[in-house]
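Structural description and commentary
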Amino acid sequence: QVQLVESGGGLVQAGGSLRLSCAASGRTFSSYGMGWFRQSPGKEREFVAGISWSGGSTYYAASMQGRFTISRDNAKNTVYLQMNSLKPEDTDVYYCAGRPGPIKVGTSLRIHAEEYDYWGQGTQVTVSS
């Protein structure tokens, strides 16, 4: 079992930056693939970024590539999402998610919410224009 708690959300002006953190409990965190998703009311949860258990491989949704950076510190049981050059359309609730397996199997990247077993409560990110 892994419990996830996000933090770091808030209000920022367009062009600004935020760093989200996801603190995990559980001894097996370092063996979990981790991801960040976001969701607007009435919409499906959208994949933002993913990272392998070792941190050696990272993956991004096309619209976040170059602006967002996912990283992890297994010694601290924490995953991060550095978000730069934020846009008003980045306004969403951001969720941390974990799965006890690889983020990518062959050519198949795990980008669907149902492929992740553990979720945090979410943190609101609001970008003003």
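Above: the structure in question.
Report follows, based on the coordinates.

Cut-offs and rules
- Residues numbered from 1 in each chain as written.
- Predicted model: local features only at pLDDT ≥ 70, side-chain atom pairs only at ≥ 80, totals over all residues.
- Heavy atoms only, no water.
- Phe/Tyr/Trp six-rings, centres within 6.5 Å; stacked < 30°, edge-to-face > 60°.
- Helix = DSSP H or I, 4+ residues; strand = E, 2+ residues; numbered from the N terminus.
- Buried < 20%, exposed > 50% of the residue type's maximum accessible area, 1.4 Å probe, protein only.
- Lys NZ or Arg CZ within 6 Å of the ring centre and 35° of its normal.
- Disulfide = S-S within 2.5 Å.

1. As for the packing of aromatic side chains
By the definition in use, this model includes 6 aromatic pairs. Between the aromatic rings of F37 and Y116, the centroid separation amounts to 5.1 Å while the plane-to-plane angle is 75°, which identifies the pairing as edge-to-face. Here Y116 lies in the loop between strand 11 (108–109) and strand 12 (118–119) and F37 lies in strand 4 (residues 33–39), a separation of 79 residues in the sequence. Under the relative-accessibility criterion, Y116 is labelled buried at 4%. Chaining the aromatic ring pairs together yields one cluster made of F37, F47, Y95, Y116 and W119. In this structure, R72 packs its charged tip against the face of F29, placed 4.6 Å from the ring centre.

2. A few points about the state of the cysteines
On inspection of all chains with the given rule, the structure shows 1 disulfide. A disulfide bridge connects C22 with C96, and the sulfur atoms are separated by 2.1 Å. Taking the torsion about the S-S bond as the criterion, the C22 to C96 disulfide, at about -75°, is left-handed. Taken as a pair, C22 in strand 3 (residues 18–25) and C96 in strand 9 (residues 92–99) lie far apart in primary sequence, 74 residues in all. Assessed through its relative accessible area of 0%, C22 is described here as buried.

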